[in-house]
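Structural overview
The residues making up each chain are set out below.
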Amino acid sequence: MDIAHFGYFFIWHLFAHINAELPLCKESDYHFEYTECDMHQSRWRVAVPNKLDTCTGLPDPVKGTHCTFSCMDGEFLEMSSQSCQKCAGGSYSLGTGVAFNEWDSLPAGFVTHGVSIDDDSQTNCSKSSWVPMGDHIASNVDECTTTLSFAVNLKKAGTVSFEYLYPDNNIYFEFFVQNDQCQSTDTESRFVKLSDADWSQYNVKLNQGTNVLYWRTTAYALQETSVKSVLLKNIAISGVAYTSECFLCKPGTYSAKLGSARCNPCPADSYSNKGATVCHQCETDTYAEAGSGSCKARPACTNSDYFYTHTPCDYSRQTQIMYKWMEPKICSESVPGAVTLPASGQLTACPPCNPGFFLTNASTCQPCSDDFYSNGTDCAKCPAGTEPVVGFEYKWWNTMPSNMASYALRHEYTFNMEKSTGWEVAGDYIYTVPGEQDSDFLVLTLSVPGYRLPPSSAKDEEATELSRITFVFETTCTADCMLDFLAGYSKMNQHIVEKWHGTTGKQSYSYVVQDNITTSFTWAFRRMQSHGTRNHTSDVAKIYSVLVTNAVDGVASRCRQCAAGSSDLSACVPCPPGHYMVNGTGVCESCPPNTIIRPQQTVGREACVPCGPNTSTNQARSACVSDCTLHVHSGAGQHLHYNFSSLANLTGFRSSPRFTSRGLRYFQHFHLGLCGKEDRQLAVCVDNVTEQRREVRGYACQSMVVPSDTRGQGLVSSQPFVIADMLLGVTTENSLDRISSLENMFPVNIGLPDVIFYYRASETTQACKQGRSTTIRMRCDPTVTASHQISLPSACPEGTCNGCSFHFLWRSQFACPLCTSDHYREIVSACVQGIQRTTYVWQQPLQCYAGVSLPAQRVNACVSLDFWLKFGVSTGTVAALLLIGVICYFWKRARKLEFKYSMLMTAGDKEECELPAADSCAIMEGEDAEDDLIYLTKKSFFHKAKSYSRERTSDGFDSVPLKSSASSLLRNEEDMDEC
């Protein structure tokens, strides 16, 4: 015996000694339990009192069964004999497992709690939890992460299984297992798939030891849409050591045999109590749904409790109008005031068969064979040079089409597709019948095997439309009814495409199918959201026609002309790229240059659509594209050349944070692919709420993202849609093709004109009947060195003000024009030591990038300033000297002339005409002995200068030789004679 067992026996003997005076214990005063298994996988069976200090004389411990011992399903371990016994009637057992199928309250061992999705969320999640709902437990529907957990210790490897209903892709649902070290065990996938039909089964293997089971959900009601809870029921765990008792069947179920592993539900109009072995029939005026624990009184039948339908056409092409009670029938015709079912059998003429079908001899409608078409009467082979236009077209509703089904979905998400009816045919339309409650979803489904483009369709990488579903409908309501249209790849894995509230007039709606995954469509009509009422059964939805194009295994209602050159022996071929077909001739004519062909219309001259400004056609002539370059003329007479290739890569950005009414923080996330040819990358937005990711692609798309630690991926993306899949043009104008990009939506631009990319999305919605549009305004900003800085309009922080027109401002240095020679200037340096340098610098502010580079510095030889300065100083000095000499010369001569003039004037004033006596032979100052010689002969400047430099005598006169000319002497003698 090991130490643990010894200690246990010591305490047991001590307990027996202390309580020696108490009465002896009876079998009802104690129960048996096993001790923990030792290293040899052995254990002891001991008696444990139900209450302390009440009795004495407990049975002695005995050797227990081996730890690996277990009982089969439907058995339990009887501890007194330590043998397996079969469960009695009205009870069940899983043998080595435990089961939880009653959820009136949270069973012992289960724990539930809620936390915020992220730290910045303003949602209060303290009251968020899983809620027991009787026969199942429902998850939260608020914007919190809520966990349901249960810990179990397995003595051997086992399994856990449960049934779940997961109908809404607006909620995360994951299941995972951790050991006692909080380490996740290996499971196939912790992410639970959406339910494809009714309740789904989930099984996971468990390891020996401690296993903690987690069911975790997170709801994302970003657009105030109601979220459907995840439901769990019938949780079963196997691998426990033993089951010491059987569980009684819950009310509404029974087990008639010994050794039952489960209880069966009671059929409709019967009930059972807890631990029942049989079900009891309800009385005449009462009813009960399947699995009920009691019966309810039947209400009086009203006109809302029945509906009408049509029988198949008989040989005379007649149909009968048949009235039927709603199933299951819960009303009573015998109650006072109850109505009775109207008489059936009124004959009316059968509507024709739907297009693509023909009428057989048995008055039934059958599809036409391949290469045949029909308008609903007889099938005819398509003429030579034509091909059938294949699809499904339903506009006559005598019987439910084979690929359509109808059922009613209760608010508890429980339904029986065989017994419940949501829509019924009525000849010209199909309509919703009254439900048990106004809150019931009346569901109509359509399944398509797949899609295939016709042979005449040209291969095109830009084509986004694989098929199109179009239906005509109307709703008439007295309350707040709702009609949802959903699309997806299964009945329970769909997303809401469009919804209508209240009364809507007769109208048409189209949805473009872009992949072969979307093969299931659903219309769900609900009269009221409140439960338990049945006051608006007259509210109705009607669908008049449904058309699905390019459907696999479809039928043809008409034939389409093939291009010339096709024959009966070859498949129908399309016209060459850029050609349209002349009406009814098969002749292909070329469209004008730079035009594309409409994908939905290839016949007629109007099929040619010109591309917008600064765009060109792709190779298939099916879409207009841009090579990311642009040439514009600015108002200043500049020629600007743009190249946006650096911005052509995919770009993602978010809006500012937003909050739902419940405080959940989320963002609008955008993906852009600005431009590019056929090989460009498309912007992709995803829905990763569920394991089945859904993607949309285009030039631009949007999704809603929520920061979250769920799944460890940081972001949850949902509700993606395309906002641009066609490029309309690139221009500097503020409007194009009825789309406006107003400058006042963004900060004022004081520089170069903005370049605007215009896009449109082909998908239409109820709010955007012309489709969505997007403008991306490219603005040159050299200060933005990153690849992008995208902003949203200040007045529309989500990128759009009406949900249809989206506007973005993209600021970047790469949005500037390419640099040219007009963007730089030259600076010439001074001549230094015979060298002169020419340097080129950019004009400021610089509003260009790439393009031409700055020219290299140019060096030229030159004459320096020192040389010219010296030359100028020398020349100036010489000129100054000459000028001084000339001035001195003329000044000297002026003095001489002045002296002579004064002498002559003095001589004329004398009274006596006699010559004065010569006092000296010298010449007086101011006289010039060589005056006459000056006029008769010419002397050089240097001789004159020499004469000026003669020395004078001490008396002030110049000493000169006495010379005179003959004429001078003669004039003197004549003067003397006159005297």
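Residues numbered from 1 in each chain as written. Predicted model: local features only at pLDDT ≥ 70, side-chain atom pairs only at ≥ 80, totals over all residues. Heavy atoms only, no water.

As for the sheet that holds strand S11 (residues 145-154)
The following threshold applies: Only strands that DSSP links by at least two bridges are regarded as paired with each other. Helical segments are the DSSP runs of H or I of at least four residues, strand segments are the runs of E of at least two, and each set is numbered from the N terminus. Between the N-to-C directions of two axes lies an angle of 0 to 180 degrees, each axis being a line fitted to C-alpha atoms and, for a helix, fitted only over the stretch in contact.
On the basis of which strands lie adjacent, the open sheet formed by four strands has the order S8-S11-S15-S13 and antiparallel pairing. Only two strands of the sheet have a single partner each, and these edge strands are strand S8 (110-115) and strand S13 (171-178). Direction aside, neighbouring strands of the sheet carry axes that sit 15° apart on average.

Re the pattern of salt bridges
Rule in force here: By salt bridge we mean one thing: a side-chain nitrogen of Lys or Arg within 4 Å of a carboxyl oxygen of Asp or Glu. Partly exposed describes any residue whose relative accessible area lies between the buried limit of under 20% and the exposed limit of over 50%, with all areas from a 1.4 Å probe on protein chains only and scaled to the type maximum.
Enumeration over the complete set of coordinates arrives at 12 salt bridges. Arg216 is the partner of Glu174 in a salt bridge, and the nearest nitrogen-oxygen pair spans 2.9 Å. Linking Glu174 in strand S13 with Arg216 in strand S15 (residues 209-219), this pair joins segments that are 42 residues apart in sequence. Exposure remark for Glu174: the relative accessible area of 1% places this residue in the buried category. For Glu465, the salt bridge identified is with Arg468, shortest N-O distance 2.8 Å. By relative accessible area, which is 23% here, Arg468 ends up partly exposed. Overlapping salt bridges bring together Asp737, Arg738 and Arg760 as one network.

Side note on the sheet that holds strand S65 (residues 824-828)
Strand order across the open sheet formed by three strands is S65-S66-S67, with antiparallel pairing between neighbours. Both edges of this open sheet fall to S65 and strand S67 (858-861), since each of them pairs with a single strand only. Averaged over all neighbouring strand pairs, the angle between strand axes comes to 25°, with direction disregarded. Note: strand S66 (residues 835-842) against S67, four bridges, orientation antiparallel. Looking across to S67, one finds that Gln836 is bridged to Asn860.

Focus on the state of the cysteines
The criterion, for reference: A pair of cysteine sulfur atoms is labelled a disulfide when the two atoms are within 2.5 Å.
According to the stated counting rule, one finds 23 disulfides in the structure shown. Bridging Cys282 to Cys295, the disulfide has an S-S length of 1.9 Å. A torsion of -80° about the S-S bond marks the disulfide between Cys282 and Cys295 as left-handed. Note that Cys282 is positioned in the loop between strand S21 (280-281) and strand S22 (286-287) and Cys295 in the loop between S22 and strand S23 (296-297), a separation of 13 residues in sequence.

Quick look at the pairing of strand S57 (residues 715-724)
Across a regular strand the side chains alternate sides, sitting on one face of the sheet and then on the other. Buried residues dominate S57, accounting for nine of its 10 residues. With seven bridges joining them, strand S56 (residues 700-707) and S57 adopt antiparallel strand pairing. Among the inter-strand pairings, Pro707 is bridged to a residue of S57, identified as Leu715.

Re the side chain of Asp754
Counted only if it meets this: Within 3.5 Å is the distance limit for a polar contact, defined as a pair of N or O atoms, with the added protein rule that one can donate a hydrogen and the other accept it, and that residues adjacent in sequence qualify only through two side-chain atoms. By definition in these notes, contact holds between two residues if any of their heavy atoms fall within 4.5 Å.
For Asp754, the position within the fold is in the loop between strand S60 (739-740) and strand S61 (755-760). A distance of 3.0 Å separates the side chain of Asp754 from the side chain of Asn749, its partner in a polar contact. Among the polar contacts made by the side chain of Asp754, one reaches the side chain of Arg779 at a distance of 2.8 Å. The residues touching Asp754, leaving out its near neighbours within four places in the chain, are Thr731, Thr732, Asn749, Arg777, Met778 and Arg779.

What about unusual backbone geometry?
Following Gln844, the chain continues into Pro845 via a peptide bond in cis, with omega recorded as -5°. Mapped onto the elements, Pro845 comes out in the loop between S66 and S67. Even without being a glycine, Asp269 presents a positive backbone phi close to 65°. Of note, the phi angle at Gln719 is positive, near 50°, even though the residue is not glycine. For Gln719, the location among the structural elements is in strand S57.

A word on the packing of aromatic side chains
Our working definition: Between the rings of Phe, Tyr and Trp (Trp by its six-membered ring), a pair exists once the centres lie within 6.5 Å; its type follows the angle of the planes, with under 30 degrees stacked, over 60 edge-to-face, and the other angles tilted.
Counted by the stated rule, this structure contains 49 aromatic pairs. Arranged with centres 6.2 Å apart and planes meeting at 75°, the rings of Phe485 and Tyr511 form a pair that is edge-to-face. You can see Phe485 sitting in strand S37 (residues 482-490) and its partner Tyr511 sitting in strand S39 (residues 504-513), a full 26 residues away along the chain. Exposure remark for Phe485: the relative accessible area of 0% places this residue in the buried category. Ring geometry for Trp500 and Tyr509: centres 5.4 Å apart, planes at 85°, overall edge-to-face.

Considering the nonpolar core
As a reminder of what qualifies: Nonpolar core, defined: a set of buried Ala, Val, Leu, Ile, Met, Phe, Trp, Tyr and Cys residues in which side-chain atoms within 4.5 Å join the residues together.
Among the nonpolar cores identified, the biggest contains 37 residues, and Phe644, Leu674, Phe757, Ile776, Met778 and Phe808 are the most heavily contacted of them. When contributions to this core are tallied by element, the ones reaching two or more residues are strand S49 (629-633), strand S50 (639-643), strand S53 (665-672), S57, strand S58 (726-731), S61, strand S62 (773-780) and strand S64 (805-812). Residue contacts for Phe808: discarding those within four places in its chain leaves Phe653, Phe670, Leu672, Ile723, Phe746, Thr774, Thr775, Ile776, Arg777, Ile790, Ser791 and Leu792. Of all hydrophobic cores here, the second largest spans 35 residues; its members include Trp423, Val448, Tyr451 and Val546.

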